[in-house]
Amino acid sequence: MPGRAIRVTSRIAFLLCGLTSLFTGVPYVMLRGVDLPVQSEWIIFVAALGIVGVFSVTFAALPRSWIARVCRKDRDDARLFSVPLKLVGGFAAISYLVALVAYLAPHRWSLDPQLMFALCPMYFIKMTFDPSLAAVFFVLAPMNAAVYGSLGLTLGYGWLAFR
């Protein structure tokens with residue numbers, strides 16, 4: 001894939017992942033932890049979703065030269081966008097599967113809600129109302145993948161900057 005196509009694809013993926021991460025934090029803020037099905041440290045989830053969301057949107061909008069300066073790379077270095085994009089894809093694929101496992105897990109497994117909130121931010125929807133399998137495949141699991149894609153982006157640029 002040519003460098004320009006990777007940059008454009010990366011920026012679109014970064015923006016979508018970041019906005020989805022920010023959007024996913026809204027129900028936690030609206031419920032303020034009181035109406036969640038279980039007591040949880042909801043503010044931690046909101047803060048984490050907000051930080052990775054803002055980071056992803058910021059890196060989607062920053063000029064390439066600024067990103068290169070932060071990462072101490074040349075602005076034409078292919079790794080500037082390819083490494084974070086690979087991590088976005090890897091984190092997104094794994095978290096998509098985690099969301100499917102969380103939905104398809106039998107009730108006798110009694111998954112810990114705190115752990116599931118951390119692994120699957122949209123898990124509280126499964127706990128409050130039972131979504132259909134199609135909704136999980138096409139809405140909830142992709143949203144979970146986008147949130148963890150933002151985390152992959154954050155870790156990817158952190159790795160490039162501090163390596």
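Above this text is the structure in question.
A quick note: this is a predicted structure, and the numbers were derived from the prediction, not measured.

Trainee: Give me the lowdown on the packing of helix 3 (residues 64-71) against helix 7 (residues 133-162), citing residues and values where you can.
Mentor: Two numbers describe how helix 3 lies on helix 7: the axes approach to 7 Å, and their chain directions differ by 60 degrees. The pairing of helix 3 with helix 7 is recorded here as oblique in orientation. Counting all contacts with helix 3, which are made through I67, V70 and C71, the residues of helix 7 involved are Y157, L160 and A161. Looking at the contact of helix 3 with helix 7, its residues break down into six nonpolar, no polar and no charged.

Trainee: Before we move on, could you go through helix 3 and cite the residues and values that matter?
Mentor: Within helix 3, burial applies to R64, I67, A68 and C71. The buried residues of helix 3 all sit within an arc of 100 degrees when viewed along its axis, so they share a single face. Of the residues trailing helix 3, R72 is marked for its positive phi of about 55 degrees.

Trainee: Lay out the nonpolar core with the relevant residues and their values.
Mentor: F14, I67, C71, L80, F81 and Y157 are the most contacted members of the largest nonpolar core, which has 17 residues in total. The set of elements that each furnish at least two residues to this core consists of helix 1 (3-31), helix 2 (42-61), helix 3, helix 4 (79-104) and helix 7. Excluding residues that lie within four positions of it along the chain, C71 makes contacts with L80, Y157, L160 and A161. By size, the runner-up hydrophobic cluster in this structure holds 15 residues, among which are A99, M116, F117 and Y123.

So, how was this worked out
Residues numbered from 1 in each chain as written. Predicted model: local features only at pLDDT ≥ 70, side-chain atom pairs only at ≥ 80, totals over all residues. Heavy atoms only, no water. Axes fitted to C-alpha atoms, helices over the stretch in contact; angles between N-to-C directions. Helix = DSSP H or I, 4+ residues; strand = E, 2+ residues; numbered from the N terminus. Parallel < 35°, antiparallel > 145°, perpendicular 65-115°, else oblique. Contact = heavy atoms within 4.5 Å. Nonpolar A, V, L, I, M, F, W, Y, C, P; charged D, E, K, R; others polar. Buried < 20%, exposed > 50% of the residue type's maximum accessible area, 1.4 Å probe, protein only. Arc of directions from axis to C-beta. Core = buried A, V, L, I, M, F, W, Y, C linked by side-chain atoms within 4.5 Å.

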